[in-house]
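# Observations on the three-dimensional arrangement
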Amino acid sequence: RLGTMKQALHALEDQLKLQRFKIRDFAPKVSISVKKGHFTVKTVENGTELEEVLRLRFEVFNREYMGKNRTLGVDVDKLDFICDHLVIRDDRSGKVVGTYRLNSSLFSDRFYSSGEFKFDKIKAMPGNILELGRAAIDKDFRTGAVIALLWRGISEYMQLTKTDILLGCASVKTIDPLQIGLVTQY
């Protein structure tokens, strides 16, 4: 009974987050839709699709990587409403199996990276910036095909937004100083 009550509170918390960040009112800035085999590469078109993305991200980041026990949830922050979201949908199941968050300087001057790094010189550079972030792929689809399709969608988005600068933060799933050193050295 306590578990049921906990789940209800988590569901209410998720709904409040979605409302706070205006997810239900979401509309894309740039529309892309390309079919490739049994996949569709596209930008999210509405709040319902965006909620699917936020649930996939929760599954990957919170349940899989962080080991949280919550069965359902959303991974959402203040940038999700101002960004476009690229998705790969498996047309056989209708399920969103991959996503990337796309933040173009054509539509926003706020970037996640500016909270992690000195960013003023980059923002002052001429040209359009595209920041990539929050990439997530369903664990059953990590064969290389989905990430290749995501990059195809990113390429198309870059062309449509006339992007000159591509950047973003990446997480390294380790706390081993040697592995971190090797990644940063590379």
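My aim in this report is to walk through the structure given alongside it, one point at a time. Computed from a prediction, not measured in an experiment: that's the story for all the values here.

### Examining the overall build of the protein chain
- Counting secondary structure elements, the protein chain contains 5 helices and 6 strands.
- Counting all 186 residues of the protein chain, 40% fall into the buried class.
- Surface exposure of the protein chain reaches about 11,300 Å², of which carbon and sulfur atoms provide 56%.

### A few points about the layout of surface pockets
- Here the largest pocket defines a volume of roughly 900 Å³.
- Together, 29 residues line the largest pocket, and R134, A135, C169, A170 and S171 are the ones closest to its centre.
- Looking at the lining of the largest pocket, the elements with two or more residues in it are helix 2 (47-65), strand 4 (95-104), strand 5 (128-137), helix 4 (145-160) and strand 6 (163-168).
- At 7 residues, the largest contribution of residues to the lining of the largest pocket is made by strand 5.

### Topic: the environment of E51
- Here E51 lies in helix 2.
- Overall, the relative accessible area of 13% leaves E51 in the buried class.
- In this structure the C-alpha to C-alpha distance between E51 and F26, which are 25 residues apart in sequence, comes to 9.9 Å.

### Things to note about the pattern of salt bridges
- For the coordinates displayed, the defined rule picks out 14 salt bridges.
- A salt bridge links E45 to K42, with the nearest nitrogen and oxygen atoms 3.4 Å apart.
- A residue is classified by how much of its surface remains accessible, and K42, at 7% relative accessible area, is buried.
- Between R57 and D80 there is a salt bridge, and its shortest N-O distance comes to 2.8 Å. Highlighted residues: R57 in helix 2 and D80 in the loop between helix 2 and strand 3 (84-90), separated in sequence by 23 residues.

### Digging into helix 5 (residues 177-185)
- Taken across its 9 residues, helix 5 has 0 buried, putting it largely on the surface.
- You can read the cap of helix 5 off the contacts: a side-chain oxygen lies 3.0 Å from the backbone nitrogen of L178, and it is on D176.

### Here's the deal with the sheet that holds strand 4
- With respect to topology, 6 strands assemble into an open sheet ordered 1-2-3-4-5-6, the strand pairing being mixed. Edge strands, defined here as strands with exactly one partner in the open sheet, are strand 1 (33-36) and strand 6. Between one strand axis and the next, the sheet turns by 20° as a mean value, whatever way the strands run.
- In this structure, strand 2 (residues 39-43) lies alongside strand 3, joined through 5 bridges in antiparallel fashion. Pairing of F39 across the sheet is with D90, part of strand 3.
- Packing of helix 2 onto the sheet brings it into contact with strand 2, strand 3, strand 4 and strand 5, and relative to strand 4 it is tilted by some 100°.
- Lying on the sheet, helix 4 is in contact with strand 1, strand 2, strand 3, strand 4, strand 5 and strand 6; it crosses strand 4 at an angle near 35°.

### Overview of the nonpolar core
- Counting residues in hydrophobic clusters, the biggest one holds 19 residues, and the most contacted among them are I88, L102 and V146.
- Elements with a contribution of two residues or more to this core: strand 2, strand 3, strand 4, strand 5 and helix 4.
- Looking at this core element by element, the count peaks at 5 residues for helix 4.
- Those residues within four positions of I88 in sequence are excluded, and the remaining contacts are F39, T40, V41, K95, V96, V97, G98, V146, L149 and L150.
- Counting residues in hydrophobic clusters, the runner-up holds 14 residues, among them V44, V53, F61 and V96.

Parameters at a glance
- Every residue gets a number counted from 1 within its own chain, in the order that chain's sequence is written.
- The predicted origin of the model limits local features to residues at a pLDDT of at least 70 and limits the giving and counting of side-chain atom pairs to 80 or more, whereas totals for whole chains, interfaces and linings rest on all residues.
- Derived side-chain values reflect all non-hydrogen atoms in the structure, with water molecules and hydrogen atoms excluded from consideration.
- Runs of H or I in DSSP of at least four residues are treated as helices and runs of E of at least two as strands, each being numbered from the N terminus.
- For each residue, the accessible area found with a 1.4 Å probe, counting protein chains only, is set against the maximum for its type, and the residue is called buried under 20%, exposed over 50%, and partly exposed in between.
- All accessible areas in this document rest on Shrake-Rupley with a 1.4 Å probe, and a residue is counted as covered only by the protein chains that are shown.
- In this analysis the probe radius is 1.4 Å and the grid spacing 1 Å, with only protein atoms considered; a cavity is a set of points the probe fits into but cannot get out of, a pocket is an open set with protein on both sides within 12 Å along at least five of seven lines, and lining residues have an atom within 4 Å of a point.
- Grid points are joined across faces, edges and corners, and a volume is the space filled by probe spheres set on the points.
- We count a salt bridge whenever a side-chain nitrogen from Lys or Arg sits within 4 Å of a carboxyl oxygen from Asp or Glu.
- Within 3.5 Å is the distance limit for a polar contact, defined as a pair of N or O atoms, with the added protein rule that one can donate a hydrogen and the other accept it, and that residues adjacent in sequence qualify only through two side-chain atoms.
- At least two bridges found by DSSP between two strands is the condition for calling them paired.
- The axes used here are C-alpha line fits, helices contributing only the stretch in contact, and every angle between their N-to-C directions lies in the interval 0 to 180 degrees.
- We call two residues in contact when some of their heavy atoms are within 4.5 Å.
- Each nonpolar core is a collection of buried residues, namely Ala, Val, Leu, Ile, Met, Phe, Trp, Tyr and Cys, held together in the definition by side-chain atoms within 4.5 Å.

On their own, these measurements won't tell you what the molecule is for.
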